[in-house]
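# Notes for the structure review
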Amino acid sequence: MASTECDPHTHARYVRRLGDTALVLSQRLGELVGSGPTLEEELANANIALDLLGQSHMLLEHAAQLAGDGATADSLAFERDEREIESLLLAERPNGDFAHVIVRGVLYNAYAAPLWESLLDSADSQLAAIAGKARKETAYHAEHANDWLERLGDGTDESRRRVEHALQELWPYSGEAFMADDVDDAVAAAGIAPSCATLEPAARELTRDALTRATLDVPESRWMQHGGKQGRHTEQLGHMLTELQHLARSHPGATW
Amino acid sequence: MSEEQPWPLWEVFVQPRRGISHVHAGSVHAVDATMAVHNARDLYTRRGEGSSIWVVPTEHITASSPDDRDALFEPALDKAYRHPTFYEVPDGVDGM
């Protein structure tokens, strides 16, 4: 599958982006801990957040090793500023109501599921191993989000209204993952990752299936927000990073 | 303002390994059976406790009454001939 070599810096940056997205989304879900609508959802959400945190840790650790510059998963997570974090914009969208949380999950998982599936064949065997584990977790996250989407979409007038609203708000963030830049092109050419072009149809189909089962219309607009992968974020990320990094930055190098 | 209904209650049974009986683990609230299995997975199998989950609506469980405990269970206590204690279980027979 590998055809050209990819320089380690670009390779590391690609893996780091995956870790960043998982970290930011995990942090968002972590904000919901203690305020779930029911005890059952509280646990479900916490489990998902922890899974994503685990994925982030593995990915950032791997990225740090690839870069070989002495970074660690912790230093990457706690010591970088917004401009250096290259997570997808979708991940940093605020939680909003339950419909928002579910729709964001549906859109993210529709991308992550085929991503992990493709990465099983990565020329980077460590990344393939991470994908093997993440795939099973994401399969469950997708089931959870899609089942909820179905019940909310095909539920009461209020649930439907909220889901449709969430979908309108979040849809413009659903395409960034498939907008290839130099990094994406380089790792695809080196057989490290699937190209965005091959990933998009699978993800879009999963999204369409989920929306259709929920009796929702697939939004038509094509214009997509982007910039997260290049470190250009919305204001919300800054506030989130403040909370995420405050402890580590106040006590550098602390352990317990 | 829509009328609020509490979610139905389900009893959860978890099977630790294939071949072993499902054991009652607790209960969950869920909107329907599919979500009940999800919720049971999230609440009761976080630590690798199981390989299979059963959920049953609580209303479908019929329980014996504590008042009948004596009549139902005491007569069995002094009938040693019902116990298989006089057999030797051969080596290598698992799960007995």
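Residues numbered from 1 in each chain as written. Chains lettered and ligands numbered in written order. Predicted model: local features only at pLDDT ≥ 70, side-chain atom pairs only at ≥ 80, totals over all residues. Heavy atoms only, no water.

## Remarks on the interface of chain A and chain B
Taken together, the 15 residues of chain A in the interface contact 14 residues of chain B. Summing both partners gives a buried area of about 1,400 Å² for chain A against chain B, and 57% of it is carried by carbon and sulfur. For chain A, the biggest contributors to the area lost against chain B are Glu-40, Tyr-140 and Arg-151 of chain A; these three give 46% of the whole. Note that Arg-151 of chain A is salt-bridged to Asp-32 of chain B, the shortest N-O span being 2.6 Å. On the surface where chain A and chain B come into contact, there are 7 residue pairs in polar contact (both at pLDDT 80 or more). At the level of secondary structure, the elements contributing two or more residues to the side of chain A that touches chain B comprise helix H2 (39–67) and helix H6 (125–153) of chain A. For the side of chain A that touches chain B, the element with the highest residue contribution is H2 of chain A, accounting for 7 residues. Residue classes in the side of chain A that touches chain B are distributed as 6 nonpolar, 3 polar and 6 charged. (Contact = heavy atoms within 4.5 Å. Buried area = accessible area lost by both parts, 1.4 Å probe. Salt bridge = Lys/Arg side-chain N within 4 Å of Asp/Glu carboxyl O. Polar contact = N/O pair within 3.5 Å; in protein donor to acceptor, adjacent residues only side chain to side chain. Helix = DSSP H or I, 4+ residues; strand = E, 2+ residues; numbered from the N terminus. Nonpolar A, V, L, I, M, F, W, Y, C, P; charged D, E, K, R; others polar.)

## Things to note about empty space enclosed by the protein
Residues and elements named next belong to chain A. With the rule as written, the count across this model stands at 4 cavities of 30 Å³ or more. There is about 150 Å³ of room inside the largest cavity. Taken together, 15 residues line the largest cavity, and the ones lying closest to its centre are Tyr-14, Tyr-111, Ala-177, Asp-184 and Lys-229. When residues of the lining of the largest cavity are traced back to their parent elements, those giving at least two are helix H1 (8–30), helix H5 (98–119) and helix H9 (196–213). The element best represented in the lining of the largest cavity is H1, accounting for 4 residues. Here the lining of the largest cavity is composed, by residue class, of 9 nonpolar, 2 polar and 4 charged. By volume, the second largest cavity amounts to about 60 Å³. Looking at the second largest cavity, the residues that line it are Leu-88, Leu-90, Leu-107, Tyr-108, Tyr-111, Tyr-173, Ser-174, Glu-176, Ala-177 and Phe-178. Within the lining of the second largest cavity, the residues separate by chemical class into 8 nonpolar, 1 polar and 1 charged. (1 Å grid on protein atoms, 1.4 Å probe; cavity = no way out; pocket = protein on both sides within 12 Å on 5 of 7 lines; lining within 4 Å. Points joined across faces, edges and corners; volume = space filled by probe spheres on them.)

## Structural notes on the nonpolar core
All names here are of chain A. Counting 79 residues, the largest nonpolar core has Tyr-14, Tyr-111, Leu-119 and Leu-149 as the members making the most contacts within it. At 12 residues, H5 tops the list of elements feeding residues into this core. Filtering out sequence-adjacent residues up to four positions away, Tyr-14 remains in contact with Leu-115, Leu-119, Leu-127, Val-183, Asp-184, Val-187, Ala-193 and Pro-194. (Core = buried A, V, L, I, M, F, W, Y, C linked by side-chain atoms within 4.5 Å. Buried < 20%, exposed > 50% of the residue type's maximum accessible area, 1.4 Å probe, protein only.)

## Thoughts on the packing of aromatic side chains
A complete count under the given rule lists 4 aromatic pairs over all chains for this structure. Between Tyr-108 of chain A and Tyr-111 of chain A, the ring centres sit 5.9 Å apart and the planes meet at 65°, which makes this aromatic pair edge-to-face. With Tyr-108 of chain A and Tyr-111 of chain A both in helix H5, this residue pair falls 3 residues apart, about one helical turn. Taking the relative accessible area as the measure of exposure, Tyr-108 of chain A reaches 7% and is therefore buried. Ring geometry for Trp-148 of chain A against Trp-7 of chain B: centres 5.9 Å apart, planes inclined by 40°, an arrangement best described as tilted. (Phe/Tyr/Trp six-rings, centres within 6.5 Å; stacked < 30°, edge-to-face > 60°.)

## Let's talk about the pattern of salt bridges
Residue and element names in this part refer to chain A. Scanning the entire structure with this criterion turns up 16 salt bridges over all chains. Close ionic contact of Arg-204 with Glu-200 constitutes a salt bridge, the shortest N to O distance being 3.7 Å. You can see Arg-204 and its partner Glu-200 sitting in helix H9, 4 residues apart, about one turn around the helix. A single salt-bridge network, built from bridges that share partners, covers Arg-13, Arg-16, Arg-17, Glu-86 and Asp-181.

## Focus on the sheet that holds strand S2 (residues 23–29) of chain B
Residues and elements named next belong to chain B. Pairing is antiparallel in the open sheet, where 3 strands are placed in the order S2-S1-S3. In this open sheet, the two edge strands, each paired with only one partner strand, are S2 and strand S3 (52–57). Between one strand axis and the next, the sheet turns through 30° on average, direction left out of account. When strand S1 (residues 9–15) meets S3, the two strands line up antiparallel, connected through 6 bridges. Along S3, the bridge assignment pairs Gln-15 with Ser-52. Across the face of the sheet, helix H1 (residues 33–44) comes into contact with S1, S2 and S3 while running at roughly 115° to S2. (Pairing = 2+ DSSP bridges. Axes fitted to C-alpha atoms, helices over the stretch in contact; angles between N-to-C directions.)

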